[in-house]
Amino acid sequence: MRRKYICGNWKMNKTSSEARKFAKDLNNSEFKNVDVLIAPSFVTLESLRKELKSEIEIAAQNISQYENGAYTGEVSAEMLKDIDVNSVIIGHSERREIFKESNEIVNEKVKRAISEGLKVILCLGESEEIREKGKEVEFVRDELLASLKDIKTLENITIAYEPIWAIGTGKTCNSIDAEEMCKEIRNTLIEEYTEEADSTRILYGGSVKPENAVEILSKENIDGVLVGGASLKSEDFIEIIKAGENL
Ligand code: 13P
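Keep in mind the model is a prediction, meaning the values are calculated, not measured.

A. Focus on the side chain of T200. Note that T200 resides in the loop between α8 (175-193) and β7 (202-205). You can call T200 buried: its relative accessible area is 3%.

B. Spatial organisation of a negative patch on the surface. There is a patch of like negative charges on the surface, built from E67, E78, D82 and D84. Here E78 falls in the exposed class, since its relative accessible area comes to 52%.

C. Representation of the nonpolar core. L26, L148, I159, I185 and L189 are the most contacted members of the largest nonpolar core, which has 64 residues in total. Examining the composition of this core, we find that 6 residues originate from one element, α8, more than from any other. When sequence neighbours within four positions are dropped, the list of residues in contact with I185 reads L124, V140, L144, I159, Y161 and I202.

D. Molecular detail of the packing of helix α7 (residues 136-147) against α8. Between α7 and α8, the shortest axis-to-axis distance is 10 Å and the interhelical angle comes to 45 degrees. Relative to α8, the element α7 lies oblique. The interaxial crossing formed by α7 with α8 has right-handed handedness. Together, E136, V137, V140, R141, L144 and L145 of α7 and M181, E184, I185, T188, L189, E191 and E192 of α8 make up the contact between the two elements. A per-class count over the contact of α7 with α8 returns 7 nonpolar, 1 polar and 5 charged.

E. Structural detail: the environment of L226. With respect to the element layout, L226 can be found in strand β8 (residues 224-227). Classification of L226 as buried rests on a relative accessible area of 2%. Sequence-distant contacts of L226, that is, excluding residues within four places in its chain, are made with C7, N9, I89, I121, C123, A160, E162, L203, Y204, G205 and G206.

F. Layout of the site of the ligand. The full set close to the ligand counts 13 residues, and K11, H92, G168, S207 and G229 are the nearest of them. Between the ligand and the protein, one listed contact pairs an oxygen atom with a side-chain N or O atom of E162 at 3.0 Å. For the ligand, whose free accessible area comes to 310 Å², the fraction covered by protein is 95%. Among the residues forming the shell around the ligand, the class breakdown is 4 nonpolar, 7 polar and 2 charged.

G. Region of interest: the sheet that holds β7. The 8 strands lie next to each other as β1-β2-β3-β4-β5-β6-β7-β8, forming a closed barrel whose pairing is parallel. If you compare each strand with its neighbour and ignore which way they point, the axes differ by 25 degrees on average. Relative to β7, strand β6 (residues 157-161) runs parallel, the two being bridged by 3 bridges. The residue bridging Y161 from the neighbouring strand is Y204, located in β7. Contacts from α8 reach β5 (119-124), β6 and β7, with the element oriented near 150 degrees to β7. Helix-sheet contacts for helix α10 (residues 234-244) involve β1 (5-9), β2 (35-39) and β8, and the interaxial angle to β1 is about 160 degrees.

H. Focus on the pattern of salt bridges. If you walk through the whole model with that rule in mind, you get 22 salt bridges. The closest approach of N and O atoms between D35 and R201, which form a salt bridge, is 2.8 Å. Within this pair, whereas D35 is found in strand β2, its partner R201 is found in the loop between α8 and β7, the two being separated by 166 residues in sequence. A residue is classified by how much of its surface remains accessible, and D35, at 22% relative accessible area, is partly exposed. Relative accessible area serves as the criterion here: at 15%, R201 is assigned to the buried category.

Criteria and cut-off values
Residues numbered from 1 in each chain as written. Predicted model: local features only at pLDDT ≥ 70, side-chain atom pairs only at ≥ 80, totals over all residues. Heavy atoms only, no water. Helix = DSSP H or I, 4+ residues; strand = E, 2+ residues; numbered from the N terminus. Buried < 20%, exposed > 50% of the residue type's maximum accessible area, 1.4 Å probe, protein only. Patch = residues over 30% accessible without salt bridge, like charges linked within 9 Å, V, L, I, M, F, W, Y side chains within 5 Å. Areas by Shrake-Rupley, 256 points an atom, 1.4 Å probe, with all protein chains shown as cover. Salt bridge = Lys/Arg side-chain N within 4 Å of Asp/Glu carboxyl O. Lys, Arg positive; Asp, Glu negative; His and termini not counted. Charge placed at Lys NZ, Arg CZ, Asp CG, Glu CD. Core = buried A, V, L, I, M, F, W, Y, C linked by side-chain atoms within 4.5 Å. Contact = heavy atoms within 4.5 Å. Axes fitted to C-alpha atoms, helices over the stretch in contact; angles between N-to-C directions. Parallel < 35°, antiparallel > 145°, perpendicular 65-115°, else oblique. Left-handed = near helix turned anticlockwise from the far one by under 90°. Nonpolar A, V, L, I, M, F, W, Y, C, P; charged D, E, K, R; others polar. Near = heavy atom within 4 Å. Polar contact = N/O pair within 3.5 Å; in protein donor to acceptor, adjacent residues only side chain to side chain. Pairing = 2+ DSSP bridges.

Structure follows, in C-alpha coordinates:
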(Lines give C-alpha, C1' and ligand atoms only; values in the text may rest on other atoms or scores of the structure.)
Protein backbone atom coordinates (compact mmCIF):
# COMPACT_ATOMS: atom_id res chain seq x y z
CA MET A 1 0.00 0.00 0.00
CA ARG A 2 1.55 3.30 -1.10
CA ARG A 3 0.37 6.25 1.00
CA LYS A 4 -0.62 9.28 -1.04
CA TYR A 5 2.01 12.02 -1.15
CA ILE A 6 0.81 15.59 -1.62
CA CYS A 7 3.67 17.90 -2.58
CA GLY A 8 3.64 21.65 -3.16
CA ASN A 9 6.31 23.26 -5.33
CA TRP A 10 6.27 27.00 -4.69
CA LYS A 11 8.82 27.70 -7.45
CA MET A 12 10.03 31.36 -7.24
CA ASN A 13 7.04 32.51 -5.16
CA LYS A 14 6.47 33.56 -1.53
CA THR A 15 8.76 35.58 0.68
CA SER A 16 9.55 34.21 4.14
CA SER A 17 6.88 36.45 5.68
CA GLU A 18 4.25 35.21 3.22
CA ALA A 19 5.32 31.64 4.02
CA ARG A 20 4.75 32.27 7.74
CA LYS A 21 1.01 32.84 7.26
CA PHE A 22 0.76 29.70 5.12
CA ALA A 23 2.57 27.70 7.82
CA LYS A 24 0.00 28.81 10.43
CA ASP A 25 -2.89 27.66 8.23
CA LEU A 26 -1.26 24.30 7.58
CA ASN A 27 -0.32 23.79 11.24
CA ASN A 28 -3.96 24.32 12.20
CA SER A 29 -5.19 21.58 9.86
CA GLU A 30 -5.30 17.91 10.76
CA PHE A 31 -4.41 15.30 8.13
CA LYS A 32 -4.77 11.55 8.35
CA ASN A 33 -3.12 8.79 6.31
CA VAL A 34 -1.44 11.11 3.85
CA ASP A 35 2.10 12.53 3.52
CA VAL A 36 2.63 16.23 2.84
CA LEU A 37 5.67 18.11 1.51
CA ILE A 38 6.36 21.77 0.70
CA ALA A 39 9.25 22.98 -1.46
CA PRO A 40 9.82 26.72 -0.88
CA SER A 41 12.73 28.83 -2.18
CA PHE A 42 16.19 28.27 -0.70
CA VAL A 43 16.02 31.43 1.43
CA THR A 44 12.75 30.34 3.06
CA LEU A 45 13.76 26.75 3.83
CA GLU A 46 15.25 27.30 7.26
CA SER A 47 12.48 29.48 8.68
CA LEU A 48 9.71 27.34 7.22
CA ARG A 49 11.31 24.21 8.68
CA LYS A 50 11.17 25.86 12.11
CA GLU A 51 7.62 27.14 11.72
CA LEU A 52 5.88 24.11 10.20
CA LYS A 53 4.85 21.14 12.32
CA SER A 54 7.38 18.35 12.02
CA GLU A 55 5.17 15.84 10.17
CA ILE A 56 5.19 18.12 7.13
CA GLU A 57 8.26 17.48 5.03
CA ILE A 58 10.30 20.33 3.54
CA ALA A 59 12.26 20.02 0.29
CA ALA A 60 14.63 22.19 -1.69
CA GLN A 61 13.75 22.77 -5.36
CA ASN A 62 17.27 22.12 -6.59
CA ILE A 63 20.75 21.12 -5.42
CA SER A 64 24.30 21.34 -6.69
CA GLN A 65 25.86 18.24 -8.21
CA TYR A 66 29.13 19.25 -6.51
CA GLU A 67 30.13 18.52 -2.95
CA ASN A 68 31.47 22.01 -2.10
CA GLY A 69 33.95 24.60 -3.38
CA ALA A 70 34.11 27.41 -5.93
CA TYR A 71 30.61 27.18 -7.43
CA THR A 72 29.16 30.66 -7.00
CA GLY A 73 25.41 30.69 -6.41
CA GLU A 74 25.08 26.97 -5.72
CA VAL A 75 23.74 25.16 -2.64
CA SER A 76 25.14 21.83 -1.44
CA ALA A 77 23.49 18.75 0.07
CA GLU A 78 25.43 19.30 3.28
CA MET A 79 24.01 22.84 3.62
CA LEU A 80 20.48 21.46 3.33
CA LYS A 81 21.02 18.71 5.87
CA ASP A 82 22.54 21.21 8.29
CA ILE A 83 19.21 23.10 8.43
CA ASP A 84 17.17 19.89 8.72
CA VAL A 85 16.07 19.76 5.10
CA ASN A 86 16.35 16.16 3.96
CA SER A 87 14.55 16.16 0.59
CA VAL A 88 15.08 17.75 -2.78
CA ILE A 89 13.27 18.09 -6.12
CA ILE A 90 15.62 17.32 -9.03
CA GLY A 91 15.16 17.69 -12.79
CA HIS A 92 12.04 19.87 -12.84
CA SER A 93 11.25 20.77 -16.45
CA GLU A 94 11.85 24.45 -15.66
CA ARG A 95 15.40 23.56 -14.60
CA ARG A 96 15.83 21.35 -17.66
CA GLU A 97 14.39 23.88 -20.14
CA ILE A 98 15.31 27.32 -18.79
CA PHE A 99 18.56 26.43 -17.05
CA LYS A 100 19.60 23.80 -19.58
CA GLU A 101 20.01 20.90 -17.18
CA SER A 102 20.67 17.83 -19.30
CA ASN A 103 19.92 14.24 -18.26
CA GLU A 104 23.63 13.93 -17.42
CA ILE A 105 23.51 16.88 -15.02
CA VAL A 106 20.25 15.63 -13.50
CA ASN A 107 21.86 12.21 -13.01
CA GLU A 108 24.89 13.82 -11.29
CA LYS A 109 22.52 15.68 -8.97
CA VAL A 110 20.51 12.53 -8.16
CA LYS A 111 23.74 10.64 -7.40
CA ARG A 112 24.99 13.46 -5.17
CA ALA A 113 21.70 13.72 -3.27
CA ILE A 114 21.36 9.96 -2.75
CA SER A 115 24.96 9.52 -1.67
CA GLU A 116 24.44 12.27 0.92
CA GLY A 117 21.30 10.53 2.24
CA LEU A 118 18.72 12.97 0.87
CA LYS A 119 15.31 11.89 -0.43
CA VAL A 120 14.77 12.80 -4.08
CA ILE A 121 11.70 13.71 -6.13
CA LEU A 122 12.88 13.17 -9.70
CA CYS A 123 10.78 15.01 -12.32
CA LEU A 124 10.19 13.77 -15.87
CA GLY A 125 7.88 14.80 -18.67
CA GLU A 126 7.50 15.37 -22.40
CA SER A 127 6.84 18.57 -24.35
CA GLU A 128 3.69 19.11 -26.41
CA GLU A 129 5.71 18.56 -29.59
CA ILE A 130 6.85 15.11 -28.44
CA ARG A 131 3.31 14.12 -27.44
CA GLU A 132 1.94 15.25 -30.81
CA LYS A 133 4.45 12.94 -32.49
CA GLY A 134 3.27 10.06 -30.25
CA LYS A 135 6.78 9.64 -28.83
CA GLU A 136 5.98 10.45 -25.19
CA VAL A 137 6.44 6.96 -23.73
CA GLU A 138 9.83 6.49 -25.36
CA PHE A 139 10.92 9.99 -24.31
CA VAL A 140 9.89 9.62 -20.65
CA ARG A 141 11.44 6.14 -20.46
CA ASP A 142 14.76 7.48 -21.80
CA GLU A 143 14.65 10.42 -19.40
CA LEU A 144 13.93 8.08 -16.48
CA LEU A 145 16.74 5.63 -17.24
CA ALA A 146 19.28 8.35 -18.00
CA SER A 147 18.42 10.30 -14.84
CA LEU A 148 18.74 7.16 -12.68
CA LYS A 149 21.92 5.81 -14.31
CA ASP A 150 24.13 4.02 -11.73
CA ILE A 151 21.49 4.39 -9.00
CA LYS A 152 21.35 1.00 -7.33
CA THR A 153 18.22 1.31 -5.18
CA LEU A 154 14.95 3.24 -5.35
CA GLU A 155 14.71 3.44 -1.59
CA ASN A 156 14.86 7.26 -1.33
CA ILE A 157 13.40 8.04 -4.73
CA THR A 158 9.99 9.33 -5.77
CA ILE A 159 9.21 9.96 -9.43
CA ALA A 160 7.05 12.88 -10.59
CA TYR A 161 5.54 12.70 -14.07
CA GLU A 162 4.88 16.27 -15.17
CA PRO A 163 4.00 16.69 -18.86
CA ILE A 164 5.43 20.10 -19.79
CA TRP A 165 2.33 21.12 -21.75
CA ALA A 166 0.19 20.72 -18.61
CA ILE A 167 2.37 22.83 -16.29
CA GLY A 168 0.85 26.18 -15.41
CA THR A 169 -1.39 26.07 -18.47
CA GLY A 170 -4.68 24.94 -16.94
CA LYS A 171 -4.54 21.99 -19.41
CA THR A 172 -4.51 18.92 -17.17
CA CYS A 173 -3.43 15.69 -18.72
CA ASN A 174 -6.60 13.59 -18.46
CA SER A 175 -6.45 11.11 -15.61
CA ILE A 176 -6.51 8.07 -17.93
CA ASP A 177 -3.46 9.28 -19.89
CA ALA A 178 -1.69 10.27 -16.67
CA GLU A 179 -2.35 6.82 -15.17
CA GLU A 180 -1.12 5.14 -18.34
CA MET A 181 2.18 7.02 -18.25
CA CYS A 182 2.65 6.42 -14.53
CA LYS A 183 2.08 2.70 -15.18
CA GLU A 184 4.69 2.77 -17.97
CA ILE A 185 7.10 4.40 -15.54
CA ARG A 186 6.40 1.70 -12.92
CA ASN A 187 6.86 -1.10 -15.46
CA THR A 188 10.19 0.39 -16.54
CA LEU A 189 11.27 0.61 -12.90
CA ILE A 190 10.22 -3.03 -12.33
CA GLU A 191 12.36 -4.10 -15.32
CA GLU A 192 15.36 -2.31 -13.82
CA TYR A 193 14.86 -2.76 -10.09
CA THR A 194 12.41 -5.72 -9.86
CA GLU A 195 9.73 -5.76 -7.15
CA GLU A 196 11.36 -2.92 -5.20
CA ALA A 197 9.56 -0.65 -7.69
CA ASP A 198 6.16 -1.74 -6.39
CA SER A 199 6.62 0.54 -3.42
CA THR A 200 8.13 3.51 -5.27
CA ARG A 201 5.77 6.47 -5.29
CA ILE A 202 4.96 7.99 -8.66
CA LEU A 203 3.34 11.43 -8.64
CA TYR A 204 1.48 13.37 -11.31
CA GLY A 205 2.03 17.13 -11.73
CA GLY A 206 0.51 19.71 -14.10
CA SER A 207 -2.49 21.96 -13.34
CA VAL A 208 -3.64 19.92 -10.34
CA LYS A 209 -6.42 21.81 -8.53
CA PRO A 210 -8.94 21.05 -5.78
CA GLU A 211 -11.50 20.25 -8.51
CA ASN A 212 -9.49 17.50 -10.22
CA ALA A 213 -7.43 16.16 -7.30
CA VAL A 214 -9.72 13.27 -6.27
CA GLU A 215 -10.01 11.94 -9.80
CA ILE A 216 -6.25 12.01 -10.36
CA LEU A 217 -5.40 10.63 -6.92
CA SER A 218 -7.83 7.72 -7.30
CA LYS A 219 -5.76 6.13 -10.06
CA GLU A 220 -3.89 2.96 -9.19
CA ASN A 221 -0.41 4.04 -10.25
CA ILE A 222 -0.68 7.69 -9.21
CA ASP A 223 0.57 7.86 -5.65
CA GLY A 224 0.39 11.60 -5.18
CA VAL A 225 0.59 14.98 -6.84
CA LEU A 226 3.22 17.69 -7.33
CA VAL A 227 1.29 20.94 -7.26
CA GLY A 228 2.53 24.33 -8.48
CA GLY A 229 0.00 27.18 -8.68
CA ALA A 230 -2.64 25.64 -6.43
CA SER A 231 -0.08 25.04 -3.66
CA LEU A 232 0.33 28.78 -3.17
CA LYS A 233 -3.09 29.27 -1.56
CA SER A 234 -3.38 27.43 1.73
CA GLU A 235 -7.14 26.75 1.32
CA ASP A 236 -6.59 25.14 -2.09
CA PHE A 237 -3.59 23.14 -0.97
CA ILE A 238 -5.39 21.91 2.14
CA GLU A 239 -8.31 20.80 -0.03
CA ILE A 240 -5.90 18.82 -2.24
CA ILE A 241 -4.33 17.22 0.86
CA LYS A 242 -7.81 16.25 2.07
CA ALA A 243 -8.46 14.65 -1.32
CA GLY A 244 -5.51 12.33 -0.68
CA GLU A 245 -6.60 11.24 2.78
CA ASN A 246 -7.58 7.59 3.12
CA LEU A 247 -7.31 6.87 -0.62
P1 13P B 1 1.16 23.79 -11.92
O2 13P B 1 0.44 23.03 -10.83
O3 13P B 1 1.16 25.27 -11.67
O4 13P B 1 0.73 23.41 -13.29
O5 13P B 1 2.72 23.37 -11.80
C6 13P B 1 3.07 22.04 -11.76
C7 13P B 1 4.49 21.93 -11.42
O8 13P B 1 5.36 22.29 -12.20
C9 13P B 1 4.85 21.40 -10.09
O10 13P B 1 6.21 21.11 -9.99
